[in-house]
Amino acid sequence: MIRYTTANRTRERANARAAFATWLLMLFILIVTALPARGQDEARGNEYRLTLFPYHRISDKMTGFGYLGYVNNPDKNYQTFYVGWPGVNYTINKSVQLWAGLVFTYTNYENSSDKLELRPFIGVKLFLPNKAKWNIYNFTRYEYRAIQDSDTHDWTNTSRLRSRFGVEFPFASRDRAWQPKTLYGIVDIEPYYRFDRNEVDPLRIRAGIGYVLDDRFRFELIYHAQFTHPDSSSGLKFTDNIFRLNIKIGLSKGIIGRLLNPDLD
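These notes cover the structure that comes with them. (Residues numbered from 1 in each chain as written. Predicted model: local features only at pLDDT ≥ 70, side-chain atom pairs only at ≥ 80, totals over all residues. Heavy atoms only, no water.)

**Examining the pairing of strand E8 (residues 155–170)**
Stage number 1. Bridge count between strand E7 (residues 135–149) and E8: 14 bridges; the pairing is antiparallel. Across the sheet, the residue bridging to Ile136 is Val167, located in E8.
Stage number 2. Relative to strand E9 (residues 182–194), E8 runs antiparallel, the two sharing nine bridges. Within E9, the residue paired with Phe165 across the bridge is Ile189. (Pairing = 2+ DSSP bridges. Helix = DSSP H or I, 4+ residues; strand = E, 2+ residues; numbered from the N terminus.)

**Considerations on the packing of aromatic side chains**
Stage number 1. Overall, the coordinates contain 16 aromatic pairs when judged by the stated rule.
Stage number 2. Each ring, one from Tyr67 and one from Tyr82, has its centre 5.5 Å from the other, and the planes form 35°; the classification is tilted. In this pair, Tyr67 is assigned in strand E3 (residues 67–73) and Tyr82 in strand E4 (residues 78–93), connecting sequence segments 15 residues apart.
Stage number 3. Considering the side-chain rings of Tyr70 and Phe81, the 5.4 Å spacing of their centres and the 50° angle between planes classify their relative orientation as tilted. Here Tyr70 is found in strand E3, whereas its partner Phe81 is found in strand E4, with 11 residues between them in sequence.
Stage number 4. Here the guanidinium or amino end of Lys125 rests over the ring plane of Phe139, the centre of that ring lying 5.5 Å away.
Stage number 5. Between Arg141 and the ring centre of Phe139, over which it is positioned, the NZ or CZ distance is 4.4 Å. (Phe/Tyr/Trp six-rings, centres within 6.5 Å; stacked < 30°, edge-to-face > 60°. Lys NZ or Arg CZ within 6 Å of the ring centre and 35° of its normal.)

**Here's the deal with the pattern of salt bridges**
Stage number 1. One pass over the full model with this rule turns up 19 salt bridges.
Stage number 2. Here Asp240 makes a salt bridge to Lys76, at a shortest N to O gap of 2.9 Å. Residue Asp240 is located in strand E12 (residues 237–250), and its partner Lys76 is located in the loop between E3 and E4; the two are separated by 164 residues in the primary sequence.
Stage number 3. Taking relative accessible area as the criterion, Asp240 reaches 4% and is therefore assigned buried. (Salt bridge = Lys/Arg side-chain N within 4 Å of Asp/Glu carboxyl O. Buried < 20%, exposed > 50% of the residue type's maximum accessible area, 1.4 Å probe, protein only.)

**Some points on the layout of surface pockets**
If you roll a probe as big as a water molecule over the atoms, it shows you where there is empty space left.
Stage number 1. Each pocket or cavity is described by its volume, and for the largest pocket that value is around 1,200 Å³.
Stage number 2. Lining the largest pocket are 42 residues, with Tyr78, Tyr109, Arg145, Arg194 and Gln226 sitting closest to its centre.
Stage number 3. The residue makeup of the lining of the largest pocket, split by class, is 11 nonpolar, 11 polar and 20 charged.
Stage number 4. Approximately 520 Å³ is the volume attributed to the second largest pocket.
Stage number 5. Every residue lining the second largest pocket is counted, 27 residues in all, and those nearest its centre are Asn135, Trp178, Gly257, Arg258 and Leu260.
Stage number 6. Listed by contribution, the elements that provide at least two residues to the lining of the second largest pocket are E4, E7 and helix H2 (255–258). (1 Å grid on protein atoms, 1.4 Å probe; cavity = no way out; pocket = protein on both sides within 12 Å on 5 of 7 lines; lining within 4 Å. Points joined across faces, edges and corners; volume = space filled by probe spheres on them. Nonpolar A, V, L, I, M, F, W, Y, C, P; charged D, E, K, R; others polar.)

**Examining a nonpolar patch on the surface**
Stage number 1. Together, Leu50, Tyr70, Phe81, Tyr106, Leu221 and Leu245 make up a nonpolar patch on the protein surface, roughly 530 Å² of accessible area in all.
Stage number 2. A relative accessible area of 34% places Tyr70 in the partly exposed class. (Patch = residues over 30% accessible without salt bridge, like charges linked within 9 Å, V, L, I, M, F, W, Y side chains within 5 Å. Areas by Shrake-Rupley, 256 points an atom, 1.4 Å probe, with all protein chains shown as cover.)

**Observations regarding the environment of Asn246**
Stage number 1. If you trace the backbone, Asn246 turns up in strand E12.
Stage number 2. As for Asn246 and Thr51, which are separated by 195 residues in sequence, their C-alpha atoms are 5.0 Å apart.
Stage number 3. When neighbours within four sequence positions are excluded, Asn246 is seen to be in contact with Thr51, Phe53, Arg218, Phe219, Glu220, Ile222 and Asp263. (Contact = heavy atoms within 4.5 Å.)

**Comments concerning unusual backbone geometry**
Stage number 1. Between Trp85 and the following residue, Pro86, the backbone shows a cis peptide bond with an omega angle of 0°.
Stage number 2. Tracing the backbone shows Pro86 in strand E4.
Stage number 3. Residue Pro202 follows Asp201 across a cis peptide bond; omega there is 0°.
Stage number 4. Note that Pro202 resides in strand E10 (residues 199–212).
Stage number 5. If you check the backbone angles, Asn77 has positive phi at about 60° while not being a glycine.
Stage number 6. Along the chain, the position of Asn77 falls in the loop between E3 and E4.
Stage number 7. Positive phi is not limited to glycine here, since Lys181 has a value of about 70°.
Stage number 8. Here Lys181 lies in the loop between E8 and E9.

Okay, here's the thing in structure tokens:
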């Protein structure tokens, strides 16, 4: 009887935490989405993203990954296609991971020339170990961006530093955390520092919910509030809503959990 009561209380506390965390996430999304655009003539874009991340084992410490993505922004009249390969993660220990890779993007603008981008990057992801089984981390990356104008065929080269401060927390009890058929929450903030302009542009704030289907598949619904500089004289303004579906695929059993729920954007 004591075991039964204790187990029930544990489940009830887990359910309460899950309900409260879900409510907080929804409240955040509603508040941010409801924020008014600054200025009567400013239109806020709604962007929709689908991304697939396959991961495969190379060795005990090294993992290969890819990135396939599609972006559509009907309000600002463009579509972007992403292909990321090759990509590699090297896990030094439970607190430090090194990331490197190459991302290709092609953006189709309906009212201007299209853009092709080559984006090699390198970064480090640092975790704060804890007994609650939360993923508390910072992911800092340096990206070099080579962009070609499809009309003129001219190339421009810029670079930026982006640093994401995030928390991913299971809604299940500690014993069931990150196990199949459980949910988890996602909250983070990421400023991008552009060296060509010496300013932060964009700034993204994200919140979402993830689902662990099994040890090979995870699904995430994420909302981004994006702040950019619409023109050279303005400060950061809330300009875009981004709605995103992530699908993470472990081609090797258990590899997503081993990497502590990896993510790339």
